[in-house]
Amino acid sequence: MAGLILALLIGSLIVGCTTADRNKVRAGSEAGTIAEPGPGKGDAYLFDVKVFREGKKKSTRLDVYRTTDSLSFFARAYLGKGVMKALLVRDSALVYFPTENQYYAGPLNALVTNGCADRFAFEQLILDMFRILPVQIDYATDNFYVNVVREGPNERVYRLMSTRCNDAILLEYRREDGRYIPYLIAYARDDDSFRFEARRRTVRMNVDIPADKFAITIPETAVRIEP
């Protein structure tokens, strides 16, 4: 489901484990190019991220930059060393791992191998999660539905529930300057083998986003991750 993929993108990718086979890599045509949709006014977030996987806990900071039609993610490791850069547009994603010199380019649903939501356009939903409330999403889908947990004047809480498997993600929004914006994103598997939590530390809204926040350079030597 879409919530699970967001958790995978800014959770599992951070700790170096995706649903794709990281050993199936090759040089790709994207090497040497720059994904740069253009800077503009947008929002800048800083999240504290915790990932619990098979009894082990890892944490990092995640910078997220949002414009009208794109999102970029920069995950930090210990001592501030970057471990992931990602760019999402409406129909595709580009994810680069600098320390491993590997990258993925393509739709996120290609990374899903369990048949839960392998045909769903995750990029659009992830962008909308940072743009509008889940109950305002007006396109039809057979993959998820929205469960309203709480709606107050300053806080809104929802669950995105999968219709095809037993997955759900908790989304909490808080009101800032007249807008509801993401505060908490949380996901946990039923068997508790994987838990993910991203809690907003800071946000700056309607600011100029530097061009380099939406630029990912893929070196010629990088190898491509194959789903």
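Small disclaimer: the values here were computed from a predicted structure and weren't measured.

Conventions used here
- Residues numbered from 1 in each chain as written.
- Predicted model: local features only at pLDDT ≥ 70, side-chain atom pairs only at ≥ 80, totals over all residues.
- Heavy atoms only, no water.
- Buried < 20%, exposed > 50% of the residue type's maximum accessible area, 1.4 Å probe, protein only.
- Helix = DSSP H or I, 4+ residues; strand = E, 2+ residues; numbered from the N terminus.
- Pairing = 2+ DSSP bridges.
- Core = buried A, V, L, I, M, F, W, Y, C linked by side-chain atoms within 4.5 Å.
- pLDDT = per-residue confidence, 0-100.
- Contact = heavy atoms within 4.5 Å.

Visitor: How should I be thinking about the pairing of strand β7 (residues 93-97) in this particular structure?
Guide: Consecutive side chains of a regular strand alternate in pointing toward one face of the sheet and then the other. Burial runs high along β7: 5 of the 5 residues are buried. Covered by surrounding structure in β7 are A93, V95 and F97 together with L94 and Y96, the residues of both alternating faces. Summarising the sheet, β7 and strand β8 (residues 102-106) pair through 5 bridges and their orientation is antiparallel. Residue Y96 lies in a different strand from β8, and its bridge partner there is Y103. In this structure, the hairpin formed by β7 and β8 is closed by a connection of 4 residues, where N101 is found at a positive phi of approximately 55°.

Visitor: I keep staring at the nonpolar core and nothing clicks. Help me out?
Guide: Generally speaking, soluble globular proteins have nonpolar side chains that are buried together. Among the nonpolar cores identified, the biggest contains 43 residues, and F47, L62, V64, L71, F73, M84 and F130 are the most heavily contacted of them. Ranked by residue count, the leading element in this core is helix α2 (residues 122-129), at 5 residues. With 14 residues, the next largest nonpolar core counts L87, A105, I209 and F214 among its residues.

Visitor: What am I meant to see in the confidence of the model for the protein chain here?
Guide: Caution is warranted with low-pLDDT regions, since their predicted coordinates should not be read in detail. For the protein chain, the mean per-residue pLDDT works out to 78, and 76% of the residues sit at or above 70. Contacts for the low-pLDDT stretch residues 1-6, under 50 throughout, to residues beyond four places or in other chains number 24 contacts. Throughout residues 33-38 the model reports pLDDT below 50, and contacts reaching past four residues in sequence, or to other chains, amount to 17 contacts.

Visitor: How should the side chain of R200 be read in this particular structure?
Guide: Position of R200 relative to the elements: it lies in strand β13 (residues 194-208). Ignoring sequence-local partners within four residues, the contact set of R200 consists of Y45, L46, F47, E176, I181, P182 and Y183.

Visitor: Explanation requested: unusual backbone geometry in the structure shown.
Guide: It is generally the case that most residues other than glycine have a negative phi and that most peptide bonds are trans. For N101, which is not glycine, the phi torsion reads 55° and is therefore positive. Looking at where N101 falls in the secondary structure, it is placed in the loop between β7 and β8. Its identity as a non-glycine residue notwithstanding, N206 has a phi of 55°, on the positive side. Along the chain, the position of N206 falls in strand β13.

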